[in-house]
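The lines below spell out each chain.
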Amino acid sequence: MRQRNHFATENVWRGRRDRMKSKDMRLLNRREFNALCVAVGSLASPTGAAGLDAAAGAASTGAGRTAKLRDGTVVPALGQGSAGLGKGKHPQAVEEEAVRTGLSLGMTLIDTAEVYGSEEFIGRAIAGQRDRVFLVSKVWPSHVAGNGVMRACEASLERLGTDHLDLYLLHWPNGVTNLSSVVAAFEDLRSAAKIRAWGVSNFKVSDMEDLFHIPKGDSCATNQLPYSLGDRGIERDVLPWCEQHGMPVMAYSPLGGTGASLLRDPTLVRIGAAHGCSAAAVALAWTIRNGNVIAIPESGSAAHVKENAIALSLTLTPQELQSLDAAYPLPNR
């Protein structure tokens, strides 16, 4: 396949993720929404603010939702992304606190990549807690030729301050002309105990079919893809394919991505108020609702991480799921 420029490729996906349908109703910002949740949720829900504490407690004790990788490894269905962390958007100490808060609430799967520039940041944030973390990183497709996978992995390990990755992904299929050599390199890394499992990211069904025809290609642990209420396209093809093959999908941008209006949607406001929680928790609970998806929202704020963590123990009713389907129907091809 033709190699795409990193920024152009990411912008194409970001543009697709962030296109949301317009709403006639006024949208609330996150602060206004949270205020509404406190005011309305404490009346409409029997748990109210206490429900937030109970859900957080469930997450911290590991009682929340999980997903199972193809090798039987069980991971939390809600982790943490890091593509925008460690870049000065928030003070470093604030972002590190957010990551550590997530760990304490059961969001122990952390995703990064060599091209994110966040590996060193993640290494500092998890220092002293590596044994609690399911650590994921990715190799960029232009770095896989020759012994590039091994070199890239060694560099990621050094930046992260660890001797192994729990999961190592091929970031994109674009430009990879010899997928079998990538699989062989992943298997060599696993034999050397540098990684415990490997997978892929942004693979279409045709890419997955090609992968599974390669020797050891069916050892793939997951496919990381964009997925949210506002971006449901994978439900038409690649998500069912992965489910049929016992492979969970790892959802990036599960809250809609940069600039998305998802968290200000009136339907999410109403459902969140009924549960005494945030719009983010509702959106994430929807994403991980069936046990076949692992969501990796990113946040540099401990307060927002606490809101997100509620999703680990939040169960949406059939009526609420129906309302969300109506508000965000599966798009036409």
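Here the residue index of a chain counts from 1 through its sequence in written order. Where local features are concerned, this predicted model is filtered to residues with pLDDT of at least 70; where side-chain atom pairs are given and counted, the filter is 80 or more; whole-chain, interface and lining totals use all residues. The basis for every side-chain value is the complete set of non-hydrogen atoms in the structure, without hydrogens or water.

## Notes on the sheet that holds strand β6 (residues 198-201)
- Between any two strands, at least two bridges found by DSSP are needed for them to pair. Helix numbers and strand numbers start at the N terminus; a helix is a DSSP run of H or I with at least 4 residues, a strand a run of E with at least 2. Read across the sheet, 7 strands follow the order β3-β4-β5-β6-β7-β8-β9 without closing on themselves; strand pairing throughout is parallel. At either end of the open sheet lies a strand with only one pairing partner, and these are β3 (109-111) and β9 (293-295). On average, each strand axis in the sheet is inclined to that of its neighbour by 30°, with strand direction left out of account.
- Inspection of the sheet shows strand β8 (residues 249-252) paired to β9 by 3 bridges, in the parallel sense. Orientation is described by axes fitted as lines to C-alpha atoms, over the contacting stretch for helices, and by angles from 0 to 180 degrees between their N-to-C directions.

## Examining the pairing of strand β4 (residues 134-139)
- With 6 of 6 residues buried, β4 is to be regarded as a mostly interior element.
- Only protein chains enter the accessibility calculation, which uses a 1.4 Å probe. A residue is then buried if its area is under 20% of the maximum for its type, exposed if over 50%, and partly exposed in between. Here β4 shows two buried faces, one formed by Phe134, Val136 and Lys138 and the other by Leu135, Ser137 and Val139.
- Sheet topology note: the β3/β4 ladder contains 3 bridges and is parallel. Across the sheet, the residue bridging to Leu109 is Phe134, located in β4.
- Clockwise travel from the first strand over the helix to the second, with the strands pointing away from the viewer, marks a crossover as right-handed. Between the parallel elements β3 and β4, the chain passes through helix α5 (residues 119-125) in a crossover that is right-handed.
- In this region the chain leaves β4, passes through helix α6 (residues 148-160) and returns to the parallel neighbour strand β5 (residues 167-170); the handedness of that crossover is right-handed.

## Regarding the packing of α6 against helix α7 (residues 179-191)
- Packing of α6 against α7 leaves a shortest axis separation of 9 Å and a crossing angle of 45°. Comparing the axis directions of α6 and α7 gives the class oblique. The two elements α6 and α7 cross, and the hand of that crossing is right-handed. Side by side, α6 and α7 meet where Val149, Met150 and Cys153 of the first sit next to Ala185, Phe186 and Leu189 of the second.
- For the contact of α6 with α7, the class distribution of residues is 6 nonpolar, no polar and no charged. The labels follow the angle: roughly parallel below 35 degrees, roughly antiparallel above 145, roughly perpendicular from 65 to 115, and oblique for the rest. Crossing handedness is read from the near helix: turned anticlockwise from the far helix by less than a right angle, it gives a left-handed crossing, and turned clockwise, a right-handed one. A contact between two residues is defined here by any heavy atoms of the two lying within 4.5 Å. Under the grouping applied here, Gly and all other residues not named as nonpolar or charged are polar, the nonpolar ones being Ala, Val, Leu, Ile, Met, Phe, Trp, Tyr, Cys and Pro and the charged ones Asp, Glu, Lys and Arg.

## Some details on the nonpolar core
- Think of a nonpolar core as a cluster: buried Ala, Val, Leu, Ile, Met, Phe, Trp, Tyr and Cys residues, connected wherever their side-chain atoms sit within 4.5 Å. Counting 79 residues, the largest nonpolar core has Tyr168, Leu170, Phe186, Met208 and Leu211 as the members making the most contacts within it.
- Here this core takes 8 residues from helix α11 (residues 279-287), the largest share from any one element.
- When sequence neighbours within four positions are dropped, the list of residues in contact with Tyr168 reads Ser137, Lys138, Val139, Val149, Ala152, Cys153, Phe186, Leu189, Ile195, Ala197, Trp198 and Gly199.

## Looking at the packing of aromatic side chains
- Centres within 6.5 Å are what make two rings of Phe, Tyr or Trp a pair, Trp counting through its six-membered ring; a difference in plane orientation under 30 degrees is then read as stacked, over 60 as edge-to-face, and the rest as tilted. For the coordinates displayed, the defined rule picks out 4 aromatic pairs.
- Where Phe186 meets Trp198, the ring centres are 5.3 Å apart and the plane angle is 25°; that geometry is what we call stacked. On the criterion of sequence distance, the pair formed by Phe186 in helix α7 and Trp198 in strand β6 is long-range, its members being 12 residues apart.
- According to the relative accessible area criterion, Trp198 is buried, its value standing at 1%.
- Each ring, one from Phe212 and one from Trp241, has its centre 5.0 Å from the other, and the planes form 85°; the classification is edge-to-face. In this pair, Phe212 sits in helix α8 (residues 205-212) while Trp241 sits in helix α9 (residues 238-244), placing the two residues 29 residues apart along the sequence.
- Relative accessible area serves as the criterion here: at 19%, Phe212 is assigned to the buried category.
- Of the aromatic side chains, those joined through ring pairs into one cluster are Tyr168, Phe186 and Trp198.
- Distance and angle both matter: a charge sits over a ring if NZ of Lys or CZ of Arg is within 6 Å of the ring centre and within 35 degrees of the ring normal. The lysine or arginine in question, Arg289, covers the ring of Trp286, its NZ or CZ lying 3.9 Å from the ring centre.

## Digging into the confidence of the model for the protein
- Chain-level statistics for the protein give a pLDDT mean of 86 and a share of 81% at 70 or above.
- Below a pLDDT of 50 lies the segment residues 1-52, which in the model reaches 100 contacts outside its immediate sequence neighbourhood of four places, other chains included.
- Residue-level confidence of the predictor is summarised by pLDDT, bounded by 0 at the bottom and 100 at the top. Predicted confidence for residues 58-62 stays below pLDDT 50, and this span has 10 contacts to residues more than four positions away or in other chains.

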